[in-house]
Amino acid sequence: MGKKLLGILGVILLFFSLELQAELSRKYDPVVVEGKYLPQVLGSAPSQLRLLAWKNGSFSVIPYQIDERYEEMFYWQWTRRRRELVYALNLGEKAKPDFNPSFDADDELAFMSWDLGEKAPSGALPDGAEVCQEIEVQDPEIGQSGYAYLCRFSHPPAKSTKQYVFIGGDNDLFIGQSYKIGYKTHQLFFDQLHLGRPGDFGPDLVDRFKVNYDCYGVYGAIVYSLNNNDINGFLRGMKLGPVRIIKEVVSVTESWPHVQNRLLHHIYYYPYHLEWEMQTRAPINWGELNDFTYSLSLDLNPKTTEYSHFLSEKNPVPVVVDGVLDEEELKLDYGPQRWEALSTKHGTIYTHLALPFKAKGLYPDLYYVDMEQKKDEPEDYFGMFGKFGFTVRHLQKTGRRPVIFRLLYFFSPAPYQRGSEDEFIKIYTEPLKVRSDSHLKTAVAKSLPISLSLIHISEPTRPLYISYAVFCL
């Protein structure tokens, strides 16, 4: 009898642990839903809306934000112009409200997956709510679902007082739950990064983020390089909220005399990671006449990251960062990588580059150099110390119009453990499913890394819903 009872208890504990694991498996995912997929509350004043979750038998307001957007005309090159969706910013030179003050089709609702609750009983509404839109978010791997309810009130309840991201310094410091990141020298390229927790961050780990273009013009007859110093960043402003901070920047690159390349960038600061939505194109695109190699990398601070360990998807055995490019580092697989990681005594930096389906034939190859004696301007610390990131060759294949690259950094205060990258990488490679109005579609990311499993797959049809979690056509 005793053994039988122990067996029953073991089964109960197993089911309990599986349920607990399911609930916690996707706790870092942001959920972003466009207004056009929330028809029940479309046209409402944002001040009348609240996002609630059903927990412990009742509704409670959870942290969320509504980011309003509108179209604006931008110059591209010379007299060429294009229309772009920009955010209604609340801080900065271009801060102004949306021309349509209601919650409209292109506005975005943002919240975190960890705040989701259970499915509310049929017909249940929060006190005073006029109408509610149910939002179901599902983990595609295990089928576990969480729910939130966006409701309209004549007299809405108070908003949640929780806040997950903050701004500091001279509005150039962004603080999440596991990182503090600063921009002292450039609006796009950070030059300060601390890991830890609010109130207990470690030392600065980086020299700075760096961009490099290697340009081969007229079939290689003209060769030149561009770096951070050749790219000007003009801050349009920011949208501050409790769930994410959005930074909107226009970059201008003059890669040839009097030839300007203007691009719009959005950087999203979430509680544990940042997503840089970068418009990308070759500095000059004259077809096969030119060739470009594009590198996006993070140069480290030798005073705080010496004897850290670098590894990646194709290089699971860590190599030591010490400023000397040794045999083990030369033998790394420098081909396409879904993720890379730097494990330090202060925490771990993970990175991932997602390329759009439009960028056929482009791959996020590994970029890694560990040579502290090799000059690498601009720099505060001489050399290329554990400099790691991604190289994209033949950038001119993107075509004449800008495409979106997504560069992600996820920050953990813990040292790297095998498999720990899954919590971050799945946000973008196995995105959540989102359902509203009883229509469920498999969500796919706006852009995906091109891995060996994708090389021979044709371009998919355009989805109805997309998620990390995001709805979009």
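Residues numbered from 1 in each chain as written. Predicted model: local features only at pLDDT ≥ 70, side-chain atom pairs only at ≥ 80, totals over all residues. Heavy atoms only, no water.

(A) Fine view of the overall build of the protein chain. Broken down by element type, the protein chain carries four helices and 30 strands. Here the protein chain holds 473 residues, and 55% of them are scored as buried. Of all intrachain contacts in the protein chain linking residues separated by at least 6 positions in sequence, the fraction that spans at least 24 positions is 67%. Surface accessibility of the protein chain: about 21200 Å² in total, with carbon and sulfur atoms responsible for 53%. (Helix = DSSP H or I, 4+ residues; strand = E, 2+ residues; numbered from the N terminus. Buried < 20%, exposed > 50% of the residue type's maximum accessible area, 1.4 Å probe, protein only. Contact = heavy atoms within 4.5 Å. Areas by Shrake-Rupley, 256 points an atom, 1.4 Å probe, with all protein chains shown as cover.)

(B) Seen up close, the state of the cysteines. This structure, assessed with the given rule, holds one disulfide. Each sulfur in the disulfide pair C132 and C151 lies 2.0 Å from the other. Note on the C132 and C151 pair: the S-S dihedral is about 110 degrees, so by sign convention the disulfide is right-handed. Here C132, found in strand β8 (residues 129–138), pairs with C151, found in strand β9 (residues 145–153); they are 19 residues apart in sequence, far enough to count as distant. On the basis of relative accessible area, C132 is assigned to the buried category, the value being 17%. (Disulfide = S-S within 2.5 Å.)

(C) Inspection of the pattern of salt bridges at higher detail. Summed over all chains, the structure comprises 28 salt bridges. Ionic pairing is found between D67 and R244, a salt bridge with its closest N-O pair at 2.9 Å. You can see D67 sitting in strand β4 (residues 65–67) and its partner R244 sitting in the loop between β17 (231–239) and β18 (245–256), a full 177 residues away along the chain. Between R406 and E277 there is a salt bridge; the shortest N-O distance is 3.2 Å. With R406 in strand β28 (residues 403–412) and E277 in strand β20 (residues 273–280), the pair connects residues that are 129 residues apart, well separated along the chain. No difference in accessibility class separates R406 from E277, as the two residues are buried. Here the residues in one salt-bridge network are E34, K36, D67, R69, E108, K239 and R244, joined through shared partners. (Salt bridge = Lys/Arg side-chain N within 4 Å of Asp/Glu carboxyl O.)

(D) Representation of the environment of V403 within the structure. In this fold, V403 is placed in strand β28. Ignoring anything within four residues of it in the chain, the contact list for V403 reads M278, Q279, T280, P356, K358 and T398.

(E) Highlighting the sheet that holds strand β12 (residues 179–182). Strand order in the open sheet made by the five strands is β10-β11-β12-β13-β14, with antiparallel pairing throughout. At either end of the open sheet lies a strand with only one pairing partner, and these are β10 (166–168) and β14 (200–201). (Pairing = 2+ DSSP bridges.)

(F) Spotlight on the sheet that holds β4. Read from one edge of the open sheet, three strands run β1-β7-β4, paired in antiparallel fashion. Lying at the two open borders of the sheet, with one neighbouring strand each, are β1 (30–34) and β4. Direction aside, the axes of adjacent strands within the sheet are offset by 25 degrees on average. Pairing analysis gives three bridges linking β4 to strand β7 (residues 108–112), with the strands arranged antiparallel. (Axes fitted to C-alpha atoms, helices over the stretch in contact; angles between N-to-C directions.)

(G) Broad picture of the environment of Y367. Checked against the element boundaries, Y367 lands in strand β26 (residues 365–371). When its relative accessible area of 15% is taken as the criterion, Y367 is described as buried. Linking Y367 and G389, residues 22 residues apart in sequence, is a C-alpha distance of 5.0 Å. In contact with Y367, not counting residues within four places along its chain, are S295, S297, E340, M384, K387, F388, G389, F390 and T391. Within the local environment of Y367, its side chain forms a polar contact with the side chain of K387, the two groups lying 3.4 Å apart. (Polar contact = N/O pair within 3.5 Å; in protein donor to acceptor, adjacent residues only side chain to side chain.)

(H) Highlighting unusual backbone geometry. Each neighbour pair has its own omega, and for E377 with P378 the value is -5 degrees, a cis peptide bond. Within the secondary structure layout, P378 lies in the loop between β26 and β27 (384–393). Phi at N171 takes a positive value of approximately 60 degrees, unusual for a residue other than glycine. Structurally, N171 is set in the loop between β10 and β11 (173–175). Judged by relative accessible area, which is 37%, N171 ranks as partly exposed. Phi is positive for Y307, which is not a glycine, with a value near 65 degrees. As for its position among the elements, Y307 is in the loop between α2 (302–305) and β22 (308–312).

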